Amino acid sequence: MSQENRQSRHLRMPCCQAQVTLKRSSLGTKFFAHKAVRECNWAPETEEHLHLKRLAVEAARASGWTAETEVPGESPDSEPWRADVLASKGKANVVIEIQWSGQTREETLRRQERYRESGIRGLWLLRQPGFPISESLPAVCVGGNVREGMMALIPKTTEMLARDRRNPDRWHQVLPMDEFLRAAFGGRFKFGVDPDYEATLRIRTGSMFCWSCGAETRIVLYLEIAVGDKNVLITIPNLGEYPRASEMVRRRLLRHQGIGVIKYRFSGSQGRKYLSNGCVHCDSLIGEFYELDAGRDEEPLDTYQVRVADGWKEVIDSRGWQDTWSVRS
């Protein structure tokens, strides 16, 4: 192509229509530059920017996509845009936007919306951290450098950071950039909890004296649900809001002796029925207030696996868990 261009001089810079020349960076990255110095407001791309564009194109093509750099387009309301990398496969179109300089959250979201209106999904590689984590904005932070390797840094949510105080690292996952891009074009960069994941369910119990008959009874204090690096807790009364999950637990508890029946009972103090613990001896309702007096058993009563899709996704979401993006195997 460089020989053809030298002979025909048909290639022009999109910014100012100046003639171009093909150059190679100190690390071997090929790029086009202005053939002669002239008035132009175009700012040269950094070596990192060029390198990331090359990685994106290579990853897309290796995954069966067509991919080109610096592709112009226009939104439905005639606002022009130019994609760093535009990849297409069938009816799917994805833009890879590499933002090396600072950019406000508002501008990132505005540009993402512009691509959405143009029928294109946007994936952002942002040098600056602190961008919004949401399903509508697939994005990672860029770490490392060209010489030592570029990295994709997937951020934790604020909830994750608060829970992981002993591990102040702000990144949920860290991957080599080429590996991340292959995962993205392979459909493995996804938001939220995979419904087909399995969760580990632990039933935590404790002992107390029944307020009604005075005998000692064991009750379920809460359930501990671990999926991936997520760990959420839910009490029996709150579990009653999720019939599929609560029914699975109730059936499981029938196998255990010494535990009061978990069922819906009427509470005079609350004026309603709710899923509750009961005394194993007299079946009196053990109200939420009385559960606070129970001493916790060191070992869980039971530990087993459940599919997140079987009613547990709603439970996990209800505990205020903030979903994030992740690369799945």
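Residues numbered from 1 in each chain as written. Predicted model: local features only at pLDDT ≥ 70, side-chain atom pairs only at ≥ 80, totals over all residues. Heavy atoms only, no water.

Q: Which residues make up the sheet that holds strand 3 (residues 66-74), and what values do they have?
A: Strand order in the open sheet formed by seven strands is 3-4-5-6-7-8-9, with mixed pairing between adjacent strands. The sheet is open, and its two edges are formed by strand 3 and strand 9 (171-176), each paired on a single side. Put simply, the sheet's adjacent strands are angled 35 degrees from each other on average, direction ignored. Direction of pairing for strand 5 (residues 92-99) relative to strand 6 (residues 121-126): parallel, over a ladder of six bridges. Following the sheet pairing, Val94 is matched in strand 6 by Arg121. Strands strand 3, strand 4 (80-89), strand 5, strand 6, strand 7 (139-145) and strand 8 (149-155) of the sheet are contacted by helix 2 (residues 47-62), whose axis makes an angle of about 115 degrees with strand 3. Along the sheet face, helix 5 (residues 177-185) touches strand 4, strand 5, strand 6, strand 7, strand 8 and strand 9 and points at about 100 degrees away from the line of strand 9. (Pairing = 2+ DSSP bridges. Helix = DSSP H or I, 4+ residues; strand = E, 2+ residues; numbered from the N terminus. Axes fitted to C-alpha atoms, helices over the stretch in contact; angles between N-to-C directions. Contact = heavy atoms within 4.5 Å.)

Q: Could you give an account of the side chain of Glu97, naming the residues involved and the relevant values?
A: Tracing the backbone shows Glu97 in strand 5. Excluding anything up to four places from it in sequence, Glu97 contacts Arg82, Ala83, Asp84, Arg111, Tyr115, Leu123, Trp124 and Leu125.

Q: Before we move on, could you go through the sheet that holds strand 16 (residues 285-286) and cite the residues and values that matter?
A: In spatial order, the strands read 14-15-16; together these three strands make up an open sheet with antiparallel pairing. The sheet is open, and its two edges are formed by strand 14 (263-267) and strand 16, each paired on a single side.

Q: Before we move on, can you summarise the pairing of strand 4 with the specific residues and values?
A: Of all the ten residues making up strand 4, seven are buried; the element is thus mostly covered by neighbouring parts of the structure. As paired elements, strand 3 and strand 4 share eight bridges and run antiparallel to each other. By the bridge assignment for strand 4, Thr69 is matched with Val85. Linkage of strand 3 to strand 4, two consecutive antiparallel strands, is achieved through a turn of five residues, within which Ser78 is found at a positive phi near 70 degrees. In this sheet, strand 5 lies alongside strand 4 in antiparallel orientation, the contact comprising five bridges. Paired with Ser88 across the bridge in strand 5 is Asn93. With antiparallel pairing between neighbouring strands as the criterion, strand 4 and strand 5 make up a hairpin whose turn holds two residues, including Gly90 at a positive phi of roughly 65 degrees. (Buried < 20%, exposed > 50% of the residue type's maximum accessible area, 1.4 Å probe, protein only.)

Q: Account for the pairing of strand 14, with residues named and values stated.
A: As paired elements, strand 14 and strand 15 (residues 272-278) share five bridges and run antiparallel to each other. Bridge assignment links Arg265 to a residue of strand 15, and that residue is Tyr274. In this structure, the hairpin formed by strand 14 and strand 15 is closed by a connection of four residues, where Gly271 is found at a positive phi of approximately 70 degrees.

Q: Go over the environment of Ser101 with me, naming the residues and quoting the values.
A: Mapped onto the secondary structure, Ser101 falls in the loop between strand 5 and helix 3 (105-117). Between the C-alpha atoms of Ser101 and Leu126, which are 25 residues apart in sequence, the distance is 8.4 Å. Reaching out from Ser101, the side chain makes a polar contact with the side chain of Gln99 at a distance of 3.1 Å. (Polar contact = N/O pair within 3.5 Å; in protein donor to acceptor, adjacent residues only side chain to side chain.)

Q: Which residues make up the nonpolar core, and what are the values?
A: Counting 30 residues, the largest nonpolar core has Leu52, Ile96, Leu125, Met177, Phe180, Leu181 and Phe189 as its most contacted members. Counting residues per element, the ones that place at least two in this core are helix 2, strand 4, strand 5, strand 6, strand 7, strand 8, helix 5 and strand 19 (325-327). Per-element accounting of this core gives the leading share, six residues, to helix 2. Once residues lying within four places of it in the same chain are set aside, the contact partners of Phe180 are Leu123, Leu125, Val140, Ala152, Leu175, Phe189 and Val327. (Core = buried A, V, L, I, M, F, W, Y, C linked by side-chain atoms within 4.5 Å.)

Q: Before we move on, can you summarise the packing of aromatic side chains with the specific residues and values?
A: Applying the stated criterion to the full structure yields seven aromatic pairs. Among the aromatic residues, ring-to-ring pairing joins Phe180, Phe189, Phe191 and Trp325 into one connected group. Here the guanidinium or amino end of Arg252 rests over the ring plane of Tyr304, the centre of that ring lying 3.9 Å away. Over the ring of Tyr197 we find Arg328, and its NZ or CZ is 5.7 Å from the ring centre. (Phe/Tyr/Trp six-rings, centres within 6.5 Å; stacked < 30°, edge-to-face > 60°. Lys NZ or Arg CZ within 6 Å of the ring centre and 35° of its normal.)

Q: Please provide a residue-by-residue account of the side chain of Ser267, values included.
A: Its location among the elements puts Ser267 in strand 14. Not counting residues within four places of it along the chain, the set of residues in contact with Ser267 comprises Arg272, Tyr274 and Leu285.

Q: Please provide a residue-by-residue account of unusual backbone geometry, values included.
A: Although it is not a glycine, Glu70 sits at a positive phi angle of roughly 50 degrees. One can find Glu70 in strand 3. Residue Glu70 is classed as partly exposed on the basis of its relative accessible area of 26%.

Q: Tell me what's going on with a nonpolar patch on the surface, and back it up with residues and numbers.
A: Among the surface-exposed residues, Trp211, Phe289, Tyr290 and Leu292 lie close enough to one another that they form a single nonpolar patch of about 510 Å² accessible area. With respect to the helices, strands and loops of the structure, Tyr290 is situated in helix 8 (residues 288-291). (Patch = residues over 30% accessible without salt bridge, like charges linked within 9 Å, V, L, I, M, F, W, Y side chains within 5 Å. Areas by Shrake-Rupley, 256 points an atom, 1.4 Å probe, with all protein chains shown as cover. Salt bridge = Lys/Arg side-chain N within 4 Å of Asp/Glu carboxyl O.)

Q: Can you tell me about the packing of helix 2 against helix 5, naming the residues and giving the values?
A: Their axes nearest at 9 Å, the elements helix 2 and helix 5 cross at an angle of 40 degrees. As far as their axial angle goes, helix 5 and helix 2 are oblique. Between helix 2 and helix 5 lies a crossing of right-handed hand. Note on element contacts: helix 5 touches helix 2 through Met177, Asp178, Leu181, Arg182 and Phe185, opposite Leu52, Leu55, Ala56, Ala59 and Ala60. Grouping the amino acids of the contact of helix 2 with helix 5 by side-chain chemistry returns eight nonpolar, no polar and two charged. (Parallel < 35°, antiparallel > 145°, perpendicular 65-115°, else oblique. Left-handed = near helix turned anticlockwise from the far one by under 90°. Nonpolar A, V, L, I, M, F, W, Y, C, P; charged D, E, K, R; others polar.)

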